[in-house]
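The chain contents come next:
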Amino acid sequence: MIRLFRKSLLMILAFSTCLLGVEAQNTNINPATVNVNALSEQQIEKIISEMEKNGMSLEEAMALARARGASQMQIDQMAQRIRDYKLNKQSGAEGVGSVRKSSNGSTTIVEVSPKKTFKATKKNKEIFGFQFFNSENLSFAPNVDVPVSDSYALGIGDEVNISVYGASQQTYVLSVQKNGSIVIPDLGPVNIYGLSFADASKKIKSRLISIYNGMKGDQPNTFADVSLGALKGVKVNVIGEVNLPGTYSLPATASVFNALYLAGGPNENGSFRVIDLIRDGKVINSVDVYAYLVDGQTQNNVQLRDQDVVMVRPYVNRIKVAGEFKRTGLFEAKDGEFVADILRYAGGFTHKAYTHRLDLYRNNTRTLSFVDVSADQYAEITLMNGDFIKAGAITERYENRINISGAVYRPGDYQLTEGMKLSELIAKAEGLKEEAFLERAVITRKKDDLSLEAISFSVRDVVSGKADIELQREDRVQISSIFDLREARTVEIVGEVQFPGTYAWAENMKIADLIFQAGGFLENAEVSSVEVSRVLDYNETKELSKSLLHTFQYGLDRNLKLDAEGAAFTLNAFDKVYIRRAPGYRPQSNVNVRGEVMYAGDYGITRKDEKVSDVIRRAGGITPEAYVKGASLRRRIELTDAEYQAKLAIAMQDTTMNPGDVEKVKYQIVGIDLPKIMSQPGCVEDLHVLNGDQLMVPSKLETVMVSGSVLNPVAHTYINKKKAKDYILGSGGFAQRAKKGKVYVLYANGTTAATKGGLLGRRFPRIEPGCEIIVPEKPEVDKAANASRWLAIASTLASLVTAIAVATR
């Protein structure tokens, strides 16, 4: 008794110490104040170690904790923490399986086999149901995280948790032993193997009444709750005609479909209709996959148990289905099934199917036969292995269709009734439109040999009742409008109006009416002389003549009022009206002046003959800091659409040109002599300015740039009387491949000067501030190619000399 008390005291101290996270063992610790979920793994391990050292079970330890003052919630949490610790440790030691918590709080140790891949054959993919077990979008992968249903059958190794609460409090964590029972302390074994979870719960509660009197009667004060803890997985053998036969590990809640999914489903020879579940050597269930695929029935998809065998038998009757069915491929039929059954499995006919008969090609083991299956035989003809059923499509042939098109209010297809006349069809089409052409219409009719014939009639006579035509199947009636039979009548206006273009012609249309439709005049329009051109009429074109058009001219004001003669003039179809631009009108143009002038900016061009000197004078003249000799003019060049498209086409055909380099708008430098322009206004150099010109007057320049084939291209300070050669020497002199006789100078104003040769040697251009000395480079010579060329010439000459010598002997 003293020894038991010592064990109890040590266990309480260890439990309390770990709950509080302190090292000292203090008998005054109150466990009721501790957060069990905050305990570390090391503290849980210490509690388990003390339990094992003192030989105490989990139930005994929890009872001692309850006596010490711990709440039932703390005890349940501690028991769950201890179980989880043991399960995790066991899973890590074995190296297989996984520990999962299901949504109902139970912990499940399972070793789930992975879904293996295999290469499906073409025939595999044709079998109806193959994609059910091998689809990326549909998965029957076993799920260990689903709640345990009331129908779950308990198996060996499953853990049962019993919580007694109320007047009496107790917690049991029990496992189903190999004999199928759980052993409840002070009660004894209770056999629950194979029972559903709901039945097992009822049985356990009824047995607990014998040791908990508070659970009896109509007003009990003690209650019990039964739940499942760790569920042991099952191993199932999938054999027979499957793609991946073998032994698979599955959760305890897995079904036959889960096992078939991992095995890849039945193979080419496997049956989807007869899949047996064998338990303890007996077939306890037969699964028909079609019942789920076609009708959605799942009652035969039963839960698996450890060491169950799933046997996939070979198919008995395989039927090929093609044509206008919603599902096609290879189907399976049981003995005694009919054509109607396979129609249901195939989803029925498509909307284009001919449903009155089917083509059945049958294998008679020796020869083939053809069976013409009519609709009334679908439920009578039984299916045989190797049958091939094909549904044809309906023909594009209408029994009672006629069509009317054209100038009627409701064109389209109509039903042909017996004895139907043309006038009845026109009435069904809501009658003729006002613009209908009444003199002639055409019926296009199919003859007996399906060739076409045209039947013309007078619409006027049919409408008035003077004549009528009986219609036939597939007749197509065409009634044209008056507008269909003539060219579209339009007039055109061009020139200085807001919306030039083509407009519909109307009778009695005046010139002012057309201008009004075109949005009126632009500000630059000349309204005193409007010209109209008119094509020759039919009578004038009967004979050859030099005349092409008639022209008329009329005056009007901006309020669209014409003189008497113009007001009486009416436009004919195809007339063309021209609105000219006023002679003195020009769009506003401007030139930009920048740099060393008094008032830089944009200036409007006031006269057609305005020159550079005029613009400089308007800009206030040149500032003292200006470098007049360096002044330049950039002129805007804009191509017309035709010019741009022509240059673009040439660039696309010429491999030496890049189409991306073709620009519609660009600027070019125009060299000017501003000192002479300013000293002699109006001289030849004093150019007329154009719209978009940019006049640049730089400030004083103090450098000279040397570039090209020199040893050190660099800018130098300008020194008066220093020559080009001096600047070149200042850049290191000529490079090895420099073209010394082709040196040229680019001045600040855009002009250039080249080196000249003479008896006294080269004369380089004069140097001015801001200029650039450019030394061209000789092209690189391919010495190997030159050597080969000379060798070829020498060889040719040698051959020629040899030939001459032989000829002169």
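Throughout, residues of each chain are indexed from 1 in the direction in which the sequence is written. In view of the model being predicted, local features appear only for residues whose pLDDT reaches at least 70, and side-chain atom pairs are presented and counted only at 80 or more, with totals across whole chains, interfaces and linings using the full set of residues. By convention in this description, side-chain values take in all heavy atoms of the structure and omit both hydrogens and water.

**Describing the nonpolar core**
What makes a nonpolar core is a set of buried Ala, Val, Leu, Ile, Met, Phe, Trp, Tyr and Cys residues whose side-chain atoms join them at distances within 4.5 Å. With a 1.4 Å probe rolled over the protein chains alone, any residue whose accessible area is under 20% of its type maximum counts as buried; one over 50% counts as exposed, and the rest are partly exposed. By size, the foremost hydrophobic cluster in this structure holds 50 residues, and its most contacted members are L260, V310, F325, L358 and I389. Here this core gets 6 residues from one element, more than from any other, and that element is helix 8 (residues 256-262). Filtering out sequence-adjacent residues up to four positions away, L260 remains in contact with F133, V238, G265, I275, V310 and V312. By size, the runner-up hydrophobic cluster in this structure holds 25 residues, among which are Y172, I182, V190 and I192. Working definition: helices are DSSP H or I runs of at least four residues, strands are E runs of at least two. Numbering for both runs from the N terminus. Any two residues having at least one pair of non-hydrogen atoms within 4.5 Å are treated as being in contact.

**Regarding the packing of aromatic side chains**
Here the aromatic set is Phe, Tyr and Trp, taking the six-membered ring for Trp, and pairing holds for ring centres within 6.5 Å; pairs whose planes are under 30 degrees apart are stacked, those over 60 apart are edge-to-face, and all others are tilted. Scanning the entire structure with this criterion turns up 17 aromatic pairs. On the numbers, 5.5 Å between centres and 75° between planes, the contact of F257 with Y292 is edge-to-face. Of the two residues, F257 sits in helix 8 while Y292 sits in helix 9 (residues 289-295), which places them 35 residues apart along the sequence. A residue is classified by how much of its surface remains accessible, and Y292, at 28% relative accessible area, is partly exposed. Cluster of aromatic residues (ring-pair linked, three or more members): F132, F133, F257, F272 and Y292. Any Lys NZ or Arg CZ found within 6 Å of a ring centre and within 35 degrees of that ring's normal is scored as a charge over the ring. The side chain of R318 reaches across the aromatic face of Y315, ending 4.0 Å from its centre.

**Some thoughts on the sheet that holds strand 8 (residues 234-240)**
Strand order in the open sheet formed by 5 strands is 9-8-12-10-11, with mixed pairing between adjacent strands. For this open sheet the edge positions go to strand 9 (246-250) and strand 11 (282-287), each flanked by a neighbour on one side alone. Ignoring which end each strand starts from, the neighbouring axes of this sheet average 25° apart. Bridge count between strand 10 (residues 270-279) and strand 11: 5 bridges; the pairing is antiparallel. Two strands pair if DSSP finds at least two bridges between them. Axis definition: a line fitted to C-alpha atoms, over the contacting stretch in the case of helices. Angles run 0 to 180 degrees between N-to-C directions.

**What to know about the sheet that holds strand 16 (residues 368-374)**
Strand order in this open sheet of 5 strands is 14-13-17-15-16, and the pairing throughout is mixed. This sheet does not close on itself; its edge strands, each paired only once, are strand 14 (329-333) and strand 16. Sheet twist, expressed as the average angle between the axes of neighbouring strands with direction ignored, equals 25°. As paired strands, strand 15 (residues 357-363) and strand 16 are joined by 7 bridges and run antiparallel to one another. Bridge assignment links N363 to a residue of strand 16, and that residue is L368.

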